[in-house]
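Observations on the three-dimensional arrangement
Residues per chain are reported as follows:
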Amino acid sequence: MSSQIFRSASRAARSFISSASKQKPRLFSEGRSAAAATAVSIKGVLPAVASFGRYKSGNTSGTWIAGAFALPAAAYMLQEQEAHAGEMERTFIAIKPDGVQRGLISEIIARFERKGFKLVAIKLVTPSKSFAQKHYHDLKERPFFDGLCNFLSSGPVLAMVWEGEGVIKYGRKLIGATDPQKSEPGTIRGDLAVVVGRNIIHGSDGPETAKDEINLWFKPEEVSSYTSNQEKWVYGDN
């Protein structure tokens, strides 16, 4: 009985999340305070929740738990349960003009896919120099800034967004050190590049940088949100 209630609540909560997320956040804050009571009902102690969900108005009484109380609570709990133990992240990865011209696109994408990360956005674009300056804005005081921007805008760049647990930190490990000659064998730069001026690939170095770079290179509608069939084999709990 309790498992049937939970499945029903889960289905309803998914619908609720879709619609209520467009409304005031107040609904979810109310659901947070209700989560404990709903948890009791899922364990099978139904009378406690039924009693908790009753109200009186004059000489009438009714049960409002399903509409205004249990649904926000179920939505809140569903969000908590569906979160992975490690937070799912997104990072910006770009194959620079040298990597594109050398035909390394499939090789680089394969390394991220084999790790288990999910590709959620991709496009081939030749950035202008002014766009490259925005991308490298944090290096504008460095003597190599102009040359760096000239190179990034010299040809097509494959811009991507990858998603997964720890993808920002581990994506940097896959890429290797900035100087290919200091990169470990097995990394992209360690295996495929020789000098720092042609190091093939760029990857965000932290959460804030990833957010800024994704927003710079992609419109929100260009980044997909979906569940990959392989996720249960990458993140599944035994």
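Analysis parameters
- Residues numbered from 1 in each chain as written.
- Predicted model: local features only at pLDDT ≥ 70, side-chain atom pairs only at ≥ 80, totals over all residues.
- Heavy atoms only, no water.
- UniProt positions renumbered as here; feature names shortened; annotations may be inferred.
- Helix = DSSP H or I, 4+ residues; strand = E, 2+ residues; numbered from the N terminus.
- Contact = heavy atoms within 4.5 Å.
- 1 Å grid on protein atoms, 1.4 Å probe; cavity = no way out; pocket = protein on both sides within 12 Å on 5 of 7 lines; lining within 4 Å.
- Points joined across faces, edges and corners; volume = space filled by probe spheres on them.
- Nonpolar A, V, L, I, M, F, W, Y, C, P; charged D, E, K, R; others polar.
- Buried < 20%, exposed > 50% of the residue type's maximum accessible area, 1.4 Å probe, protein only.
- Arc of directions from axis to C-beta.
- Pairing = 2+ DSSP bridges.
- Phe/Tyr/Trp six-rings, centres within 6.5 Å; stacked < 30°, edge-to-face > 60°.
- Lys NZ or Arg CZ within 6 Å of the ring centre and 35° of its normal.

1. Brief notes about the UniProt feature "active site" (unreviewed entry) in the protein
Mapped onto the present numbering, the UniProt feature "active site" (unreviewed entry) falls on His-202. By the secondary structure assignment, His-202 is in strand 6 (residues 201–203). If near-sequence neighbours (up to four positions away) are discounted, His-202 is found in contact with Phe-92, Ile-93, Ala-94, Lys-96, His-135, Ile-175, Arg-189 and Glu-213.

2. Considering empty space enclosed by the protein
In total, this model carries two cavities of 30 Å³ or more according to the counting rule given. Contributing elements (two or more residues each) for the lining of the second largest cavity: strand 5 (157–165) and helix 12 (231–235). The element contributing the most residues to the lining of the second largest cavity is helix 12, with three residues. Broken down by class, the residue content of the lining of the second largest cavity amounts to four nonpolar, four polar and three charged.

3. Considering the layout of surface pockets
Reported here for the largest pocket is a volume of approximately 640 Å³. Taken together, 27 residues form the lining of the largest pocket, with Lys-96, Tyr-136, Leu-139, Leu-148 and His-202 sitting closest to its centre. Looking at the lining of the largest pocket, the elements that each hand over two or more residues are helix 7 (129–135), helix 8 (145–152), strand 6 and helix 11 (207–217). Element by element, the count of residues in the lining of the largest pocket is highest for helix 11, at five residues. Here the residues of the lining of the largest pocket sort into eight nonpolar, nine polar and ten charged.

4. Let's talk about helix 11
Considered for burial, the residues of helix 11 that qualify are Ala-210, Glu-213, Ile-214 and Trp-217. All buried residues of helix 11 project into a common sector of 100° when viewed along the axis, lining one side. Projecting away from the buried face of helix 11 at angles above 90 degrees are the exposed residues Glu-208, Lys-211 and Asn-215.

5. Examining the pairing of strand 3 (residues 88–95)
Looking at chain direction, strand 3 and strand 5 are connected through eight bridges and run antiparallel. Residue Ile-95 lies in a different strand from strand 5, and its bridge partner there is Leu-158. Two elements, strand 3 and strand 6, share three bridges in a ladder whose sense is antiparallel. Bridge pairing in strand 6 links Ala-94 to His-202.

6. Things to note about the packing of aromatic side chains
Considering all chains together, one arrives at five aromatic pairs under this definition. Relative to Phe-117, the ring of Phe-112 lies with its centre 6.5 Å away and its plane at 45°, an arrangement referred to as tilted. According to the relative accessible area criterion, Phe-112 is buried, its value standing at 0%. Overall, Phe-117 belongs to the buried group, its relative accessible area being 5%. Through successive ring pairs, a cluster of aromatic residues spans Phe-112, Phe-117, Trp-162 and Tyr-170. In this structure, Lys-115 packs its charged tip against the face of Tyr-170, placed 3.9 Å from the ring centre. Across from the ring centre of Phe-218, 4.9 Å away, lies the NZ or CZ of Lys-123, which sits over that ring.

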